[in-house]
Amino acid sequence: MKHLIASLLLMTAASAAPAMGPWQQTPHKTPQNAAHSSCHLGQPCALGARSYHVMEPEGWDGRTPLPVLVHFHGWGRNGVHAQKSDRIGASTQRRGVLLVTPNGRRNTWDFWGGDLEDVNFTNQVLQDVAARYPVDADHIYVSGYSYGAAMAWRYVCESGNHVAALLAIAGAIPPDENCAEAPREARHVHGTNDTVMRAPYSPFGAGEAMALWRAKLNCGAGADGGRWQVRSFLTFSREGWDCAQGAVVLDRHPGGHFVPHGWIGRQLDELLGLTPSYP
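Below you will find a few notes about this structure. Counting restarts for each chain, with residues numbered from 1 along the sequence as it is written. Side-chain atom pairs in this predicted model are given and counted only at pLDDT of 80 or more, local residue features only at pLDDT of at least 70, and totals for whole chains, interfaces and linings cover all residues. In computing side-chain values, all of the structure's heavy atoms are included and hydrogens and water are not.

A separate point is helix α5 (residues 147-159). Only DSSP runs of H or I with at least four residues qualify as helices, and only runs of E with at least two residues qualify as strands; both kinds are numbered from the N terminus onward. One less than the residue count of a helix, multiplied by 1.5 Å, gives the span that helix is expected to have. Taking 1.5 Å of rise per residue, 13 residues should cover 18 Å, and α5 covers 18 Å from first to last C-alpha, within 8% of that figure. Residue exposure (1.4 Å probe, protein chains only): buried if accessible area is under 20% of the type maximum, exposed if over 50%, otherwise partly exposed. Most of α5 is tucked away, with 11 of its 13 residues classed as buried. Where α5 is concerned, the buried positions are G148, A149, A150, M151, A152, W153, R154, Y155, V156, C157 and S159.

Okay, the pairing of strand β6 (residues 165-169) next. Burial within β6 is extensive, with 5 of its 5 residues counted as buried. Judged by which residues are buried, β6 turns out to be covered on both faces: A165, L167 and I169 on one side and L166 and A168 on the other are all buried. Only when DSSP finds a minimum of two bridges between them are two strands counted as paired. Across 5 bridges, the pairing between strand β5 (residues 135-145) and β6 is parallel. Following the sheet pairing, G144 is matched in β6 by A168. Pairing of β6 with strand β7 (residues 185-191) involves 5 bridges; the strand directions are parallel. Bridge assignment links L166 to a residue of β7, and that residue is A186.

By definition, a disulfide links two cysteine residues through a covalent bond between their sulfur atoms. Note on terminology: disulfide denotes any pair of cysteine sulfur atoms within 2.5 Å. If you walk through the whole model with that rule in mind, you get 3 disulfides. What pairs with C39 in a disulfide is C45, and their sulfur atoms sit 1.7 Å apart. We note that C39, like C45, is buried. Across a sulfur-sulfur distance of 1.9 Å, C219 and C243 are joined as a disulfide pair. Handedness here is read from the sign of the S-S torsion; for C219 and C243, about 85 degrees, the answer is right-handed. Here C219, found in strand β8 (residues 219-231), pairs with C243, found in strand β9 (residues 234-243); they are 24 residues apart in sequence, far enough to count as distant. Taken individually, C219 and C243 each receive the classification buried, so the pair is uniform in this respect.

Within this document, salt bridges are pairs made up of a side-chain nitrogen of Lys or Arg and a carboxyl oxygen of Asp or Glu, the two lying within 4 Å of each other. As enumerated under the stated definition, the model contains 13 salt bridges in all. Two residues, D128 and R132, come together in a salt bridge whose shortest N-O distance is 2.9 Å. Taken together, the residues span about one helical turn, with D128 and R132 both in helix α4 (residues 117-132) at a distance of 4 residues. The same class applies to D128 as to R132, namely buried. The partner of E270 in a salt bridge is R266, and the shortest N-O contact between them spans 3.0 Å. Residue E270 and its partner R266 are located together in helix α7 (residues 263-272), separated by 4 residues, close to a single helical turn. Under the relative-accessibility criterion, R266 is labelled buried at 19%. One salt-bridge network, in which partners are shared between bridges, spans E185, R187, R238, D251, R266 and E270.

Laid out in structure tokens, this is it:
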């Protein structure tokens, strides 16, 4: 990963220079010859035998470097689903964030470990995105829902040193995983009545799932982060840990297995220093 980090540093070294991708030192195409005009929204971007989708934020001028949210879809879905969701797609569009949604093989992901094809594929996706768009290398976020959340955990576990924050919804990997890398922040939300993928307290046996990131980021004692909501019918309870290498946040709500209203938007607002809004 050292060459990836070096490439990221090169991306931000000179504001006058074209932004460079995190996986190769290739300048993005200028708006006059950009390929993204024929490869966005429902039109997939082909990448060998696989593909991904991309959705630009509202009002983008075609030049300003973009924060990126890579979102892994849930089981049986594809990258278009997140684009159409107010809870994901509208949240990125209204905050100036480029939404990138890879398509899993057979509409699912292999996040259990061993075969890292989906991790490598995601790096190829981001390399391709960086060739099409100017990317803000300091603000690359990775999220997912359900099986996609577990895939997001797996990705940052294996290739996450360049990731500003993990934003995972209702899915995780076992807490005893030995992760080679980690994001700068790990944020997770789970319903306490989730019966599909149980809440991250002993979901895979002994131990708490968030302990993986608490140990990796060298966190101190947890603190009550209070209660918050973006809709009157859904209240979140937050617990947070300050860490030597970043931060860990766990939000819980009393619901089941779903993408909660406003959660992605709230995380992006906090991470980007924006006034919290909905969606």
